[in-house]
Structure formats: structure tokens, C-alpha cells
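Results of the structural survey
Single-letter residue listing:
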Amino acid sequence: MENLSWSVPGGDIVRNVDLEIGSGETVGLIGPNGSGKSSLLRCVAGVRTASAGTVRYDGRDIRGWSARRIARHTAFVEQATESETDLRLGDVVALGRMPFRSRWRGPDRADRAIVDAALARLGLTGLRTRGWRTLSGGERQRAHIARALAQQPRCILLDEPTNHLDVRHQYELMDLLAGTEQTVLVALHDLSLAARYCDRLVLMHRGSLVASGPPRAVLTPGRLRDVFGIDAETGHDGLGNLTVACRGVARDPA
Ligand SMILES: Nc1ncnc2c1ncn2[C@@H]1O[C@H](COP(=O)(O)OP(=O)(O)OP(=O)(O)O)[C@@H](O)[C@H]1O
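Residues numbered from 1 in each chain as written. Predicted model: local features only at pLDDT ≥ 70, side-chain atom pairs only at ≥ 80, totals over all residues. Heavy atoms only, no water.

Some points on the site of the ligand
The environment of the ligand is formed by 13 residues, the closest being Asn-33, Gly-34, Lys-37, Ser-38 and Ser-39. Ser-38 has a polar side-chain atom sitting 2.7 Å from an oxygen atom of the ligand. The fraction of the free accessible surface of the ligand (640 Å²) that becomes covered by protein chains is 59%. Those elements that provide at least two residues to the shell around the ligand are β1 (2–8) and α1 (37–44). Counting residues per element, the shell around the ligand draws most heavily on α1, which supplies 3 residues. (Near = heavy atom within 4 Å. Polar contact = N/O pair within 3.5 Å; in protein donor to acceptor, adjacent residues only side chain to side chain. Areas by Shrake-Rupley, 256 points an atom, 1.4 Å probe, with all protein chains shown as cover. Helix = DSSP H or I, 4+ residues; strand = E, 2+ residues; numbered from the N terminus.)

Below, the structure is given as C-alpha cells:
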């Protein structure tokens, strides 16, 4: 992302963001509600067209690329939306193969094997014939992630992918994202999960990128106060993981 901005008539929602993500990196996108994380992800996914600046994949500007061309490179898992469809879970995951098929050809054996592997990776094999309407929020969320994996993208963008997941599935998903060779940019509200699993955190505040670096360098008490509005300390738990201990709401946030 170079000097990337996205604006609406009321002003800039994303402002002058410069961010380079290396191949295979797992980057956590953090920031308070309304700081511009989803809007930034949407620009990177090509769902929104930047008002200024550029998004490049492997050095190539994506402006003007078709959705199909973008989807061959990057998968996007948006915040869970209440979609109602008569599809079965397996059909939704199989949508991940669409960017690679001609309009007239159904899935071939290779497509089916890729979908099977994605279902297995998310522990959804037993639910593949279940109707979408009958699934829980967490099952739907895992299905969207399986659909993204079925795209076999170079890069995966995820917007709050853990928000419907129970604690075990949260850890499973973060293990998967941190362990994959793919480049990952993931918006997260859980700072401890973000610190534990991400190579790097980037912090957004009022549309701007205000910090980028290793989790312990980004999550300082000063930023927790000024950006998140909490009075907090960082430390380590018995396993050596970075912790954020919150005393309460900050009295004098910036
Ligand atoms: N189409 C739009 N028109 C006007 N304002 C918008 C539009 N889309 C987003 N916004 C505003 O831009 C700001 C950033 O929204 P965005 O969803 O990117 O934030 P976020 O960091 O993802 O927030 P959250 O953590 O709550 O999901 C918010 O104040 C939102 O209301």
C-alpha cells in the first residue's frame, strides 16, 4: 500500500497509509472501533477503489483488475454477515474454486480434492451437506475461511475472523494462519491473540497507520492509553506470552 487513502464526502476514512507486507508474513491489523481497519482491508481486496494512492500485489498496481483476477491472488474473509442462502456448506466452500474455472465448466477432480482438503483443515467435513441456514455463527465463519483456503491464494485478508469462534477454534485458526506459507493480513480485536500469533502488528487510529513493528514494540502503555483509551500495562504470562492487563478506562486519553 502506498500513500493509500479512501474518502467519503464527510472526509478521509483511510488516510495516507504506507505499508509493505513481505511474502509469507502474518500481520495483525489492530485499532479501536471505527479506526479504518475494515475500510483498509476492503481497499486491499479491491472491493473499494482507493481515492488516492496505490495497492500493489507483487509490485503490480491492482487498479482496474477484475474481481476474478484479484481472487486468483488474494482471498478476503469479511466480517460475518447474515447471508441467507439455500446452498449447502460444501457448495459455499466450493465457491473458492470459481475464479479458476471457465463459466461453462463444473468442478473437476482437482477442484474437488482442494475443497475436500479445505473442509478437512477447518474440521468441517462432517457438515458439508448441511444447509447454510442450519449452521451456527462459528460454523459459518469457519466455512468462509475454508472457502478462502480453497482459493489457494498467495495472500489472505481476514476481518475479525475469530469473533464467532469458541476459544479452541480461535487458537486453531490462529495456529493455521501463523503456520501457513501464505501472506496474511488479519484484523483482530483480541490484542493477546494478535501479539501471540502475528509476526508484526500494525496499529490504526482515526484512519492513519500510527505504528508498525513487533507486538511488544507496538503495544506500549502509552499507545494503549492514547489509541485504545485504556489504562493498561503489558507483561508476560507464565508461558512467556505478551499480556495486556487493563486497570480500566483511561482518564485522559489523547
Ligand atoms: N461508506 C461509508 N460512508 C461513510 N462512513 C463510512 C463508510 N464506511 C465506513 N465508514 C466510517 O468509517 C469509519 C471506519 O470504519 P471501519 O469499518 O473501516 O472501521 P473498523 O476499524 O473496521 O471498525 P470496527 O473495529 O468497529 O469494525 C467508521 O467511523 C465508519 O462509520
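Let's talk about the sheet that holds strand β4 (residues 52–54)
Across the sheet, 3 strands lie side by side as β2-β1-β4; this open sheet has antiparallel pairing. One side of each edge strand has no neighbouring strand; the edge strands of this open sheet are β2 (11–17) and β4. Put simply, the sheet's adjacent strands are angled 25° from each other on average, direction ignored. Examined bridge by bridge, β1 and β2 share 4 bridges and lie antiparallel to one another. Its bridge partner lying in β2, Val-8 is registered against Gly-11. (Pairing = 2+ DSSP bridges. Axes fitted to C-alpha atoms, helices over the stretch in contact; angles between N-to-C directions.)

A few points about the side chain of Asp-159
As for its placement among the helices and strands, Asp-159 is situated in strand β8 (residues 155–159). Within the buried core, Asp-159 has no salt-bridge partner, and the shortest N-O distance to an opposite charge, that of Arg-42, equals 6.2 Å. A polar contact of 2.6 Å, which involves the side chain of Asp-159, links it to the side chain of Ser-38. In this structure, Asp-159 is in contact with Ser-38, Leu-41, Val-77, Glu-78, Gln-79 and Ala-187, ignoring residues within four places of it in sequence. (Buried < 20%, exposed > 50% of the residue type's maximum accessible area, 1.4 Å probe, protein only. Lys, Arg positive; Asp, Glu negative; His and termini not counted. Salt bridge = Lys/Arg side-chain N within 4 Å of Asp/Glu carboxyl O. Contact = heavy atoms within 4.5 Å.)

Concerning unusual backbone geometry
Excluding glycine, most residues fall at negative phi; most peptide bonds, likewise, are trans. Positioned with a positive phi, Asn-16 is a non-glycine residue whose angle comes to about 50°. Locating Asn-16 in the fold gives a position in strand β2. A residue is classified by how much of its surface remains accessible, and Asn-16, at 45% relative accessible area, is partly exposed. Backbone geometry places Gln-152, a non-glycine residue, at a positive phi of 45°. Relative to the assigned elements, Gln-152 resides in the loop between α5 (137–150) and β8. Under the relative-accessibility criterion, Gln-152 is labelled partly exposed at 47%.

Topic: the pairing of strand β10 (residues 200–205)
Counted residue by residue, β10 has 6 buried out of 6 residues, so it is predominantly covered. With burial as the criterion, each face of β10 is covered, one bearing Arg-200, Val-202 and Met-204 and the other bearing Leu-201, Leu-203 and His-205. Relative to strand β11 (residues 208–213), β10 runs antiparallel, the two being bridged by 5 bridges. Considered in β11, the bridge of Leu-201 is made with Gly-213. Hairpin connection from β10 to β11: 2 residues lie between these consecutive antiparallel strands, with Arg-206 at a positive phi of about 50°.

Some thoughts on the layout of surface pockets
Taken as a whole, the largest pocket encloses approximately 490 Å³ of empty space. Looking at the largest pocket, it is lined by 20 residues, and the ones nearest its centre are Glu-20, Ile-21, Arg-56, Tyr-57 and Asp-58. Of all the secondary structure elements, the ones that give two or more residues to the lining of the largest pocket are β5 (56–57), β8 and β9 (183–187). Classifying every residue of the lining of the largest pocket gives 9 nonpolar, 6 polar and 5 charged. (1 Å grid on protein atoms, 1.4 Å probe; cavity = no way out; pocket = protein on both sides within 12 Å on 5 of 7 lines; lining within 4 Å. Points joined across faces, edges and corners; volume = space filled by probe spheres on them. Nonpolar A, V, L, I, M, F, W, Y, C, P; charged D, E, K, R; others polar.)

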